[in-house]
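Structural overview for review
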Amino acid sequence: MFHKEGTKTIFLGMIFTVAVLLLSDRFITTEWLKWLLQGSGLLILIIILQFFRNPKRAFILNENQILAPVDGKVVVIEEVFEGEYFKDKRLQVSIFMSPINVHVTRYAMNGIIKFSKYHPGKFLVAWHPKASEENERTTVVIENNTFGAILYRQIAGALARRIVNYAEEGMQVVQGTDAGFIKFGSRVDLFLPLGTKVDVVLNQKAIGGKTIIAVKNND
């Protein structure tokens, strides 16, 4: 199953690959060069297909849990000052996505979209300290009665050139469902209320819609 955001790219990739196969077979007489071109064309198509894959996942809705919004590796867990929306200290959890990860963004919890904004910007590598403030990005805030408001930020990386965000202010969203897509390597930052109990550790592999990032602290 492939994400709808990849339809055009997959179609163009298939046309390119077929063209390479047909033209190289007709006009290239050197066998090793022909196989090299044809293999390269097929490899490009395979890379495109794996990038836009959108595996079906069973979601168990839980109001007391915040789920990973994307697939990737947990690279940041720290208390920071969030200056765009909350303008106070929050607990940041960041997940880095490599080009081989599934790049679907999913809603981390049920709730109402209170804020959604796109920011044009640079294309620094996603792990750069200033990427969260200077790169192309979107900021989305979800609110519910369990956690209050949480913020997630889709951040473009050095290769990413398009962020897709489906969240609109006033929408009622469901945990684990499709919230958007980021093309070709990026990062997502979560900003949680202080005191939220984080359930992941640094360098842990996260699976979007399945890995529990945090739970409600009832202490």
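Look up: the structure comes first, before these words.
First, a word on scope: everything that follows refers to the structure included in this document. The structure presented is a predicted model; accordingly, all values stated were derived computationally and were not measured.

Let's talk about the pairing of strand β10 (residues 178–182)
- Taking burial as the measure, the five residues of β10 include four buried ones, the bulk of the element.
- Where strand β4 (residues 104–106) meets β10, three bridges bridge the pair, whose relative direction is antiparallel. Bridged to T105 within β10 is G180.
- Sheet topology note: the strand β8 (residues 163–165)/β10 ladder contains three bridges and is antiparallel. Residue pairing in the sheet places I163 in a bridge with I182 of β10.

Points about the sheet that holds strand β5 (residues 111–119)
- The strand order across the open sheet built from eight strands is β9-β5-β6-β7-β11-β3-β2-β13, with neighbouring strands paired in antiparallel fashion. Only two strands of the sheet have a single neighbouring strand rather than two, namely β9 (172–173) and β13 (205–206).
- Across seven bridges, the pairing between strand β3 (residues 88–97) and strand β11 (residues 186–192) is antiparallel. Bridge pairing links L91 to L192 in β11.

Thresholds applied
- Residues numbered from 1 in each chain as written.
- Predicted model: local features only at pLDDT ≥ 70, side-chain atom pairs only at ≥ 80, totals over all residues.
- Heavy atoms only, no water.
- Buried < 20%, exposed > 50% of the residue type's maximum accessible area, 1.4 Å probe, protein only.
- Helix = DSSP H or I, 4+ residues; strand = E, 2+ residues; numbered from the N terminus.
- Pairing = 2+ DSSP bridges.

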